[in-house]
Amino acid sequence: MELNVFLDRISEPARCAIEQLRCTKLEDLLSYSDKELLALHGLGPKTIRILNDFLMENKLDRNPKRSALLVIDVQEALLEENPYHKEELIQNINTLIRLYRSKKSPIFFIRHDGGKGDTLAYGEEGWQLAKTLDYKDEPIIDKKYNSAFKNTNLESSLQALKINHLVIVGMQTEYCVDVTLKSAFEKGYHCDVIKGCTSTYDNPWLKADQLIDFYEQAIWPSFARIIKMEETHDGL
């Protein structure tokens, strides 16, 4: 409806140019930069001014949130080692997956290859996504490093969808989740971490719950919003 109201305000050549983009709602149009819009034949600076005025009148954001969910390394071998609050972890992640699916928002499953001889070695049973995950046919990004961005097509996939916001969940808290979050921050993404949606194991120095609390309270607030599970329906 908002898109049609805006189209009624602009010239016929500009309207025809925008129709080439096959936008179905105003949010689709706003995903294009001024430079990309001005490259369209028939659309000039006047149309950009009309668009910006229209957004101000209606208190709309020129850069609306376009969010994707990253589910990191929730794989058979890691779950077999019984990470902290395993059942709650899977339940919460599946809730987010269904929420994103209901909004037709992108979901990417990240899968780690630990190399030959590792429990997460490519093609091994432990390398597979966890059977308890509510996976359908969403993209899977295979990686060999802690960062889901290093030597993968994740960034280009996000750019193609014009994603600017990421919700990052999965395993392990202090390894691949942490490194991927910091990489995403450096690349300019706004990020959220959901409490109860990352996990790890006890180590010689700290219990798993202490590690998670440390990252959620002391490390990650510099890079992301830390929000509660019950806030996700309204906050994402």
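J.: Sorry if this is basic, but what is going on with the overall build of the chain here?
T.: Of the regular secondary structure elements, the chain holds 11 helices and 6 strands. Projecting the C-alpha coordinates of the chain onto the three principal axes gives extents of approximately 65 × 35 × 30 Å. Counting every position in the chain, which comprises 236 residues, the buried fraction comes to 49%. Taking the intrachain contacts of the chain between residues at least 6 apart in sequence as the baseline, contacts between residues at least 24 apart amount to 74%. Counting every atom, the chain has about 12,700 Å² of accessible surface; 49% of that belongs to carbon and sulfur.

J.: Please clarify how the pairing of strand E1 (residues 67–72) should be interpreted in this entry.
T.: Working note: regular strand, side chains alternate between the two faces of the sheet. For E1, a buried count of 6 out of 6 residues is recorded, marking the element as mostly surrounded by other parts of the structure. Where burial is concerned, the two faces of E1 agree: the one with Ser67, Leu69 and Val71 and the one with Ala68, Leu70 and Ile72 are both buried. With 6 bridges connecting them, E1 and strand E4 (residues 165–171) associate as parallel partners. Each residue of the ladder has a partner; that of leucine 69, found in E4, is valine 167. Where E1 meets strand E2 (residues 107–112), 4 bridges bridge the pair, whose relative direction is parallel. Directly across from leucine 69, in E2, lies its bridge partner isoleucine 107.

J.: Just to check I follow, could you spell out unusual backbone geometry for this structure?
T.: A negative phi holds for most residues other than glycine; trans holds for most peptide bonds. In the segment running from methionine 171 into glutamine 172, the intervening peptide bond is cis, with an omega of -20 degrees. Tracing the chain through its elements places glutamine 172 in the loop between E4 and helix H9 (173–186). With a phi angle near 55 degrees, aspartate 73 is a residue other than glycine that sits in the positive phi range. Position of aspartate 73 relative to the elements: it lies in the loop between E1 and helix H6 (76–80). We classify aspartate 73 as buried; its relative accessible area is 2%.

Basis of the calculations
Residues numbered from 1 in each chain as written. Predicted model: local features only at pLDDT ≥ 70, side-chain atom pairs only at ≥ 80, totals over all residues. Heavy atoms only, no water. Helix = DSSP H or I, 4+ residues; strand = E, 2+ residues; numbered from the N terminus. Buried < 20%, exposed > 50% of the residue type's maximum accessible area, 1.4 Å probe, protein only. Contact = heavy atoms within 4.5 Å. Areas by Shrake-Rupley, 256 points an atom, 1.4 Å probe, with all protein chains shown as cover. Pairing = 2+ DSSP bridges.

Read these as geometric descriptors, not functional statements.
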